[in-house]
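So you can see what is in the structure, the chains are spelled out below.
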Amino acid sequence: MTGNSLDPHLARYAARTDGMRASAIRALFAVANRPEVVSLAGGMPYLESLPLAELAADVAQMIAQDGRVALQYGSGQGILELREHICQIMALEGISAHPDDVVVTVGSQMALDLVTRIFCDPGDVILAEAPSYVGALGTFSSYQAQVVHVDSDEDGLLPDALAAAIESVRASGRRIKLLYTIPNFHNPAGTTLAVERRPQIAELCRDAGITVLEDNPYGLLGFSDTIYPAIRSIDAENVIYLGSFSKTFAPGLRIGWVLAPHAVREKLVLANESATLNPPVFNQMMIARYLSNFDWQSQIKTYRQLYAERRDAMLGALEAHMPEGTTWTHPDGGFYVWVTLPDGFDTAAMLPRAVTARVAYVPGTAFYADGFGTRQMRLSYCYPTPERIVEGVRRLAGVLDGEQDIMRTFGSSSTRRRSLGAPSPSSPSPDTA
Ligand code: PMP
């Protein structure tokens, strides 16, 4: 909703504000952040493992040596030294890129905004996995683009489902502009796109004249030593790749990037300049120094080990405590497990009772543009300790027991189904990360 009858500006808002939805669950998250609540809701990296004292000394030195540059306006494309580092990072995923084609953004969230702004007119269709990242759905909706979900399974987006979606959207006379996909350690599904599906998807989109928007903030946070080849490494001309330092270093710095085909890159720089003038020079220089002066690859290894332990704690607790008929994904990296409850549960309706029982999660409906996801929820294991995760899942199981008692008394309601989701009439709502 854009306002209420007491809002004197109501008649003056642009039509696109209709796509900016308030979240019914936002108020609950204020409660969920209280220390007594185990929050399995947010996707916050566990920054306690960063070398904070050393970083402080390095930043102090940066200000003393280069403060006049760090605190000044800068280039709309981002500083060259950071763009060079970014190319080296992307090389780990098989991407060969030139710093000229990289645009630094205020987090990859800003990159999502800029790409949508450049490509989408109201009514244009963006294809996206079912489920998909809530923050991207919010951005797409704010530009009045329509999201059509494409089914995915434990191995990510299904190429056959993609081909069928392209055909049926076209048959309905609508224009498809982008395929938005999160191939690695998906938010919220926790799945990874099978390597053999990647060229198939790249080819389907190229042949159909649809640009691929590959969003990959978690790619280096795999729990095995496998690094998956980016779709961008298969098709440099038709794929726009988004990266971020939020999950591998620090989200508070708000630095992400876009690697785009040359022509798109020029439009992105103009859009970046009109939105922010330039991404923060200070933060870019801090990250460039971090990448030069610190062993950032070891830091990522530390994060990976930490998150793998927490993933194990969560999967073990789900195995021990979830009611019969519950299924969940088995992430090999990233932050999230996607849980599907048996028929009849409504995770959005249940959330207030969960928060009262001192555990929080994100209801599945947040991750669909079309009302699916009623009996799904996203659990994140990145922030709480393994002990807290186990306690949180135990509390959640208690809430589910209570729900089953209610259902036995009053009956259940769930009907439609989807490969990784199920229904509800509510709208997408913002995530905490
Ligand atoms: N894409 C995905 C899939 C994400 O999970 C997130 C953060 N939750 C973002 C983009 C935005 O990240 P940031 O703006 O912090 O780089």
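Remember, predicted model here, so these are calculated numbers, not experimental data.

On to the overall build of the protein chain, then. For the protein chain, the count of helices and strands is 12 helices and 14 strands. The C-alpha radius of gyration computed for the protein chain amounts to 22 Å, which stays within 12% of the reference 22 Å derived for 433 residues, consistent with globular compactness. Taken along the three principal axes of its C-alpha coordinates, the protein chain extends 70 × 55 × 55 Å. Residue burial in the protein chain is summarised as follows: out of 433 residues, 58% are buried. For the protein chain, the share of sequence-separated contacts (at least 6 apart) that also reach a separation of at least 24 residues comes to 77%. Summed over all atoms, the accessible surface of the protein chain reaches about 17900 Å², with 53% contributed by carbon and sulfur. Counting 36 positive and 47 negative side-chain charges, the protein chain places the centres of these two groups 6 Å from one another.

Per the counting criterion, the structure on display carries 15 aromatic pairs. Ring plane angle 70 degrees and centroid distance 6.1 Å describe the contact between Phe185 and Tyr228, whose orientation is recorded as edge-to-face. With Phe185 in the loop between strand S6 (176-181) and helix H7 (197-208) and Tyr228 in the loop between strand S7 (211-215) and strand S8 (239-244), the pair connects residues that are 43 residues apart, well separated along the chain. Under the relative-accessibility criterion, Phe185 is labelled buried at 1%. Tyr228 gets classed as buried once you look at its relative accessible area, which sits at 17%. For the ring pair Tyr303 and Tyr307, a centre distance of 5.7 Å and an interplane angle of 5 degrees mean the geometry is stacked.

A few words now on the UniProt feature "domain: Aminotransferase class I/classII large" (unreviewed entry) in the protein chain. The UniProt feature table records "domain: Aminotransferase class I/classII large" (unreviewed entry) at residues 42-396. For residues 42-396, the end-to-end C-alpha separation is 16 Å, with 43% helix and 17% strand making up the annotated structure.

Below, the discussion takes up empty space enclosed by the protein. Per the stated rule, a full pass over the model turns up two cavities of 30 Å³ or more. Approximately 170 Å³ is the volume found for the largest cavity. Elements with a contribution of two residues or more to the lining of the largest cavity: helix H3 (80-91), S8, helix H9 (281-293) and helix H10 (296-321). The dominant element in the lining of the largest cavity, judged by the number of residues it contributes, is S8, at three residues. Each residue belonging to the lining of the largest cavity can be placed in one class, and the counts come to 12 nonpolar, five polar and one charged. The space that makes up the second largest cavity amounts to roughly 30 Å³. Forming the boundary of the second largest cavity are Glu129, Gly156, Leu157, Ile182, Pro183, His186, Thr191, Thr192 and Leu193.

The subject of this paragraph is the sheet that holds S8. Spatial ordering of the open sheet is given by S2-S9-S8-S7-S6-S3-S4-S5, a layout of eight strands whose pairing is mixed. Each having just a single partner strand, strand S2 (102-106) and strand S5 (156-157) make up the two edges of the open sheet. As paired strands, S6 and S7 are joined by four bridges and run parallel to one another. By the bridge assignment for S7, Leu178 is matched with Thr211.

Criteria and cut-off values
- Residues numbered from 1 in each chain as written.
- Predicted model: local features only at pLDDT ≥ 70, side-chain atom pairs only at ≥ 80, totals over all residues.
- Heavy atoms only, no water.
- Helix = DSSP H or I, 4+ residues; strand = E, 2+ residues; numbered from the N terminus.
- Rg over C-alpha atoms; globule rule 2.2 N^0.38 Å.
- Buried < 20%, exposed > 50% of the residue type's maximum accessible area, 1.4 Å probe, protein only.
- Contact = heavy atoms within 4.5 Å.
- Areas by Shrake-Rupley, 256 points an atom, 1.4 Å probe, with all protein chains shown as cover.
- Lys, Arg positive; Asp, Glu negative; His and termini not counted.
- Charge placed at Lys NZ, Arg CZ, Asp CG, Glu CD.
- Phe/Tyr/Trp six-rings, centres within 6.5 Å; stacked < 30°, edge-to-face > 60°.
- UniProt positions renumbered as here; feature names shortened; annotations may be inferred.
- 1 Å grid on protein atoms, 1.4 Å probe; cavity = no way out; pocket = protein on both sides within 12 Å on 5 of 7 lines; lining within 4 Å.
- Points joined across faces, edges and corners; volume = space filled by probe spheres on them.
- Nonpolar A, V, L, I, M, F, W, Y, C, P; charged D, E, K, R; others polar.
- Pairing = 2+ DSSP bridges.

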